[in-house]
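The lines below spell out each chain.
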Amino acid sequence: MDADMLFKQSIEHKEEFWKEQAKAIQWFEFPKQILSKDQNNYPQWYSDGRINMCHLCIDQHIEDGFGDQTAIVYDSPVTNQKKTYTFRQAQEEISKLAGGLASLGLKREILQLFICQ
């Protein structure tokens, strides 16, 4: 299937298309509502789904054997600093951040957004 066909499907059959795309990633709870509206009539995608972005962005790559590959490149023209992080290094730094937030009293529900397994 080419890009034009995918684009056409994503416009003409939004919910069906994006439900299929959502199946390609791991969810804690797969959404029952693909597209809904909030109290202000603003579109909400996957509003009742639960996902861990840290797992998908960092942990999954480590599990797939890419832990020593570059995950993040920090390049600041302001400070003239450059630094790279592998997936493993990023996981360690994110876990430190989560630990620091927990020590300040941040609750588990919020920390789940940060904690890498």
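Just so you know, these numbers come straight off a predicted model, no measurement behind them.

Engineer: Residue-level account of the nonpolar core, with values.
Structural biologist: Core analysis: the biggest nonpolar cluster contains five residues, these being Cys54, Ile58, Ile62, Phe87 and Ala90. Here the element with the most residues in this core is helix H3 (residues 53-63); it accounts for three residues. Non-local contacts of Ile62, meaning those with residues more than four positions away in its chain, are made with Gly67, Phe87, Arg88 and Gln91.

Engineer: Residues and numbers for the side chain of Ser36, please.
Structural biologist: Mapping Ser36 onto the fold places it in strand E1 (residues 35-37). Residue classification places Ser36 among the buried positions, given a relative accessible area of 14%. In contact with Ser36, other than residues within four places in its own chain, are Tyr42, Pro43, Gln44 and Ser47.

Engineer: Give a description of the state of the cysteines that names residues and reports values.
Structural biologist: Taken as a whole and assessed by the stated rule, the structure comprises zero disulfides. Summary of cysteine pairing: Cys57 is not part of a disulfide, and the nearest cysteine sulfur, belonging to Cys54, is at 7.5 Å.

Engineer: Summarise the pattern of salt bridges; cite the residues concerned and give the values.
Structural biologist: Going through the model one piece at a time under the given rule, you end up with five salt bridges. A salt bridge links Glu20 to Lys23, with the nearest nitrogen and oxygen atoms 2.9 Å apart. Exposure remark for Glu20: the relative accessible area of 45% places this residue in the partly exposed category. Residue Lys96 is joined to Glu93 by a salt bridge in which the shortest nitrogen-to-oxygen separation is 3.4 Å.

Engineer: Explain the environment of Ile94 residue by residue, including any values.
Structural biologist: Structurally, Ile94 is set in helix H4 (residues 87-103). On a C-alpha basis, the gap between Ile94 and Cys54 in space is 8.7 Å, while along the polypeptide they are 40 residues apart.

Engineer: Can you break down the packing of H3 against H4 residue by residue, with the values?
Structural biologist: Two numbers describe how H3 lies on H4: the axes approach to 9 Å, and their chain directions differ by 135°. When the axis of H3 is compared with that of H4, the two are oblique. In terms of crossing hand, the pair formed by H3 and H4 is left-handed. Listed contacts from H4 to Cys54, Cys57, Ile58, Asp59, His61 and Ile62 of H3 are Phe87, Arg88, Ala90, Gln91 and Ile94. Counted by class, the contact of H3 with H4 contains seven nonpolar, two polar and two charged residues.

Here is what the cut-offs are and how they apply
- Residues numbered from 1 in each chain as written.
- Predicted model: local features only at pLDDT ≥ 70, side-chain atom pairs only at ≥ 80, totals over all residues.
- Heavy atoms only, no water.
- Core = buried A, V, L, I, M, F, W, Y, C linked by side-chain atoms within 4.5 Å.
- Buried < 20%, exposed > 50% of the residue type's maximum accessible area, 1.4 Å probe, protein only.
- Helix = DSSP H or I, 4+ residues; strand = E, 2+ residues; numbered from the N terminus.
- Contact = heavy atoms within 4.5 Å.
- Disulfide = S-S within 2.5 Å.
- Salt bridge = Lys/Arg side-chain N within 4 Å of Asp/Glu carboxyl O.
- Axes fitted to C-alpha atoms, helices over the stretch in contact; angles between N-to-C directions.
- Parallel < 35°, antiparallel > 145°, perpendicular 65-115°, else oblique.
- Left-handed = near helix turned anticlockwise from the far one by under 90°.
- Nonpolar A, V, L, I, M, F, W, Y, C, P; charged D, E, K, R; others polar.

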